[in-house]
Amino acid sequence: DLAPTLLEALGLPDLPRASGRSLLAKAADPGRLVLVQHPVYSSETLANRTAMQRAMRSVAGMPTHEIRSGEDMAGLVGEGWKYLRTSSGREELYRLDDESLELGAAHPEELARLGSELTRQLAAHPLRVLDTTKIDPELLRELGELGYGH
């Protein structure tokens, strides 16, 4: 969704093969759920990412939880909810107006509904890890300096 959003904001045409949709269109579709992914970080890059997260809190507010190593997470955001599921199957549910309280036990129907929808969306749009052997070595070095990769 990032590329279509930036292209729309800049007034440029869509990419012909893009599978995402502009997030700016969300205002016209308040029921839209956005698929999100929290990546897996290696233990080597976790310290850098955690330091960056602390620096960004003053701008973005408190995160739902600390950055974790070794477990990826996918979820849906929209309709006033944030639903997250880890690769080990742990589920979390938050209201967007107060992400400090995990509400899965209090709202099992929303947890189940959003869990089913995430399963459907992941089947339609599988999250893929890039084969880093096919990335330009200079770009890979620059990404490593930014804390991405291992």
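Residues numbered from 1 in each chain as written. Predicted model: local features only at pLDDT ≥ 70, side-chain atom pairs only at ≥ 80, totals over all residues. Heavy atoms only, no water.

### Notes on the packing of aromatic side chains
Rule in force here: Note on aromatic pairs: the rings of Phe, Tyr and Trp (six-membered ring only in Trp) are paired at centre separations within 6.5 Å, and the planes decide the class, stacked below 30 degrees, edge-to-face beyond 60, tilted for the rest. We call a charge positioned over a ring when the NZ of a Lys or the CZ of an Arg lies within 6 Å of the ring centre and within 35 degrees of the ring normal.
The full count for this structure, using the stated rule, is 0 aromatic pairs. Lying over the aromatic face of Trp 81, Arg 95 brings its terminal NZ or CZ to 4.5 Å of the ring centre.

### Quick word on the pattern of salt bridges
Definition in use: The salt bridge criterion pairs a side-chain nitrogen of Lys or Arg with a carboxyl oxygen of Asp or Glu, the two atoms within 4 Å. Helix and strand assignments follow DSSP, with helices taken as H or I runs no shorter than four residues and strands as E runs no shorter than two, numbered in order from the N terminus. A simple rule labels every residue: compare its accessible area, found with a 1.4 Å probe on the protein chains alone, to the largest value its type can have, and call it buried under 20%, exposed over 50%, or partly exposed in between.
All told, the structure shown has 7 salt bridges when counted by the stated rule. Put simply, Glu 99 and Lys 82 hold a salt bridge, and the shortest N to O gap is 2.7 Å. One end of the pair, Glu 99, is in the loop between strand 4 (91–95) and helix 3 (108–124); the other, Lys 82, is in strand 3 (residues 81–86), and 17 residues separate them in sequence. Across the salt bridge formed by Glu 110 and Arg 113, the nearest N and O atoms sit 2.9 Å from each other. On the criterion of helical spacing, the pair formed by Glu 110 and Arg 113 is a turn pair, its members being 3 residues apart in helix 3. The exposure class assigned to Glu 110 is buried, which follows from its relative accessible area of 16%. Note on Arg 113: relative accessible area 35%, which makes it partly exposed.

### Observations regarding the nonpolar core
Definition in use: Remark: nonpolar core denotes a set of buried residues (Ala, Val, Leu, Ile, Met, Phe, Trp, Tyr, Cys) joined through side-chain atoms within 4.5 Å. Contacts were defined at the residue level, with two residues in contact if any of their heavy atoms lie within 4.5 Å.
With 10 residues, the main nonpolar core is built from Leu 33, Ala 74, Leu 76, Trp 81, Tyr 83, Leu 93, Leu 103, Leu 111, Leu 114 and Leu 118. When residues of this core are traced back to their parent elements, those giving at least two are strand 2 (73–78), strand 3 and helix 3. For this core, the element with the most residues is helix 3, which contributes 3 residues. Once residues lying within four places of it in the same chain are set aside, the contact partners of Leu 103 are Trp 81, Leu 93 and Arg 95.

### Section: helix 1 (residues 2–9)
Selection rule: Here the arc refers to the set of directions running from the helix axis out to each C-beta atom.
Listed as buried for helix 1 are Pro 4, Thr 5 and Leu 7. Buried residues along helix 1 cover an arc of 165° about the axis, so they all sit on one side. What points out from helix 1, more than 90 degrees from its buried face, is the exposed set Leu 2 and Ala 9. Of the residues flanking the end of helix 1, it is Gly 11, one or two places downstream, whose phi is positive at about 75°.

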